[in-house]
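Architecture at a glance
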Amino acid sequence: MIDFSKFELDHVAIAVESIETSLPFYQALGFSSHHIEDVPSEKVRTCFLSLANNVSVELLEAVGDESPITKFLQKRGPGIHHMCYRVKNIEAVVAQVKKAGIQLINETPRQGAHNCKVVFVHPKSSGGVLIEFSEKMSDS
Ligand code: ZN
């Protein structure tokens, strides 16, 4: 049995219309460095801003009309999109979550930003919050 209380929060993601126009707010708060990465498999561009406790804020911008972020922005407007927990052995996490009757969006881990394997829990199963589990594949 995996103990989820041992896992850490990795990041909180915010859907934005544009990373470029959103960055000045974060720079005004003192964030001096960020990491922008395209994730073609998810049709998104991500921007990670790190906090001192190893938690990040992830800005998410749509890439193309088919992006889930485009749909999210149309439905709800900019705002908190998901939260992500850093896990180990993501396959075992998937098995345990499925056994508990929790609905996943993808049961096979996908390639996420930062060379991570990721799965998403459907908001229907988690009180309206999209949850990401992420396992880092290497320290590159
Ligand atoms: Zn994320």
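The text that follows walks through the structure, step by step, so that each part is easy to find. Note that the coordinates shown come from a computational prediction; the quantities given were computed from them, not determined experimentally.

**Digging into the nonpolar core**
Membership of the largest hydrophobic core is limited to 11 residues, which are Phe7, Val87, Ile90, Val93, Val94, Val97, Leu104, Val119, Val121, Ile131 and Phe133. Only helix 3 (90-99), strand 7 (116-121) and strand 8 (130-136) provide two or more residues apiece to this core. Apart from residues lying up to four places away in sequence, Val121 is in contact with Ile102, Gln103, Leu104, Ile105, Ser126, Val129, Leu130, Ile131 and Phe133. Listed in part, the 10 residues of the second largest apolar core include Val44, Leu60, Phe72 and Leu73.

**Comments concerning the coordination of the zinc ion**
The protein atoms donating to the zinc ion are His11 (NE2), Glu58 (OE), His82 (NE2) and Glu132 (OE), with metal-donor distances spanning 2.0 to 2.3 Å. Along the chain, the residues donating to the zinc ion are arranged with the sequence spacing H-x46-E-x23-H-x49-E. With His82 in strand 5 (residues 79-86) and Glu132 in strand 8, this residue pair connects regions lying 50 residues apart in the sequence. Residue Glu132 is classed as buried on the basis of its relative accessible area, which comes to 7%.

**Brief notes about the environment of Arg86**
Along the chain, the position of Arg86 falls in strand 5. Distance from Arg86 to Lys6, taken between C-alpha atoms, is 9.7 Å for residues 80 residues apart in sequence. Every residue in contact with Arg86, bar those within four places of it in the chain, is listed here: Phe7, Glu8, Leu9, Asp10, Asn54 and Ser134. For Arg86, the side chain forms a polar contact with the side chain of Glu8, separated by 2.4 Å. A polar contact of 3.4 Å, which involves the side chain of Arg86, links it to the backbone oxygen of Leu9.

**Section: the sheet that holds strand 2 (residues 35-39)**
Reading across from one edge, 2-3-4-1-5-8-7-6 is the order of the eight strands in this open sheet, with mixed pairing throughout. Edge strands, defined here as strands with exactly one partner in the open sheet, are strand 2 and strand 6 (110-112). The mean angle between the axes of side-by-side strands here comes to 35 degrees, regardless of whether they run parallel or antiparallel. This element, helix 3, spans strand 7 and strand 8 of the sheet and lies at about 150 degrees to strand 8.

**Comments concerning the environment of Asn115**
Turning to its location among the elements, Asn115 is positioned in the loop between strand 6 and strand 7. Residues Asn115 and Ser138, spaced 23 residues apart in sequence, show a C-alpha to C-alpha distance of 6.9 Å. A polar contact of 3.4 Å, which involves the side chain of Asn115, links it to the side chain of Gln111.

**A few points about helix 2 (residues 68-76)**
For helix 2, every residue scored as buried is listed here: Ile69, Thr70, Phe72 and Leu73. Take helix 2 and look down its axis: the buried residues cluster within an arc of 165 degrees, on one side only. Among the exposed residues of helix 2, those oriented more than 90 degrees off its buried face are Gln74 and Lys75. For helix 2, the capping residue at the N-terminal end is Ser67, with a side-chain oxygen 3.1 Å from the backbone nitrogen of Ile69. Gly77 sits one or two positions beyond helix 2 and adopts a positive phi of about 80 degrees.

Quick notes on the rules
- Residues numbered from 1 in each chain as written.
- Predicted model: local features only at pLDDT ≥ 70, side-chain atom pairs only at ≥ 80, totals over all residues.
- Heavy atoms only, no water.
- Core = buried A, V, L, I, M, F, W, Y, C linked by side-chain atoms within 4.5 Å.
- Buried < 20%, exposed > 50% of the residue type's maximum accessible area, 1.4 Å probe, protein only.
- Helix = DSSP H or I, 4+ residues; strand = E, 2+ residues; numbered from the N terminus.
- Contact = heavy atoms within 4.5 Å.
- Donors = N, O, S within 2.8 Å, 3.2 Å for Na, K, Ca; no water.
- Polar contact = N/O pair within 3.5 Å; in protein donor to acceptor, adjacent residues only side chain to side chain.
- Pairing = 2+ DSSP bridges.
- Axes fitted to C-alpha atoms, helices over the stretch in contact; angles between N-to-C directions.
- Arc of directions from axis to C-beta.

Honestly, it's all geometry; don't read function into it.
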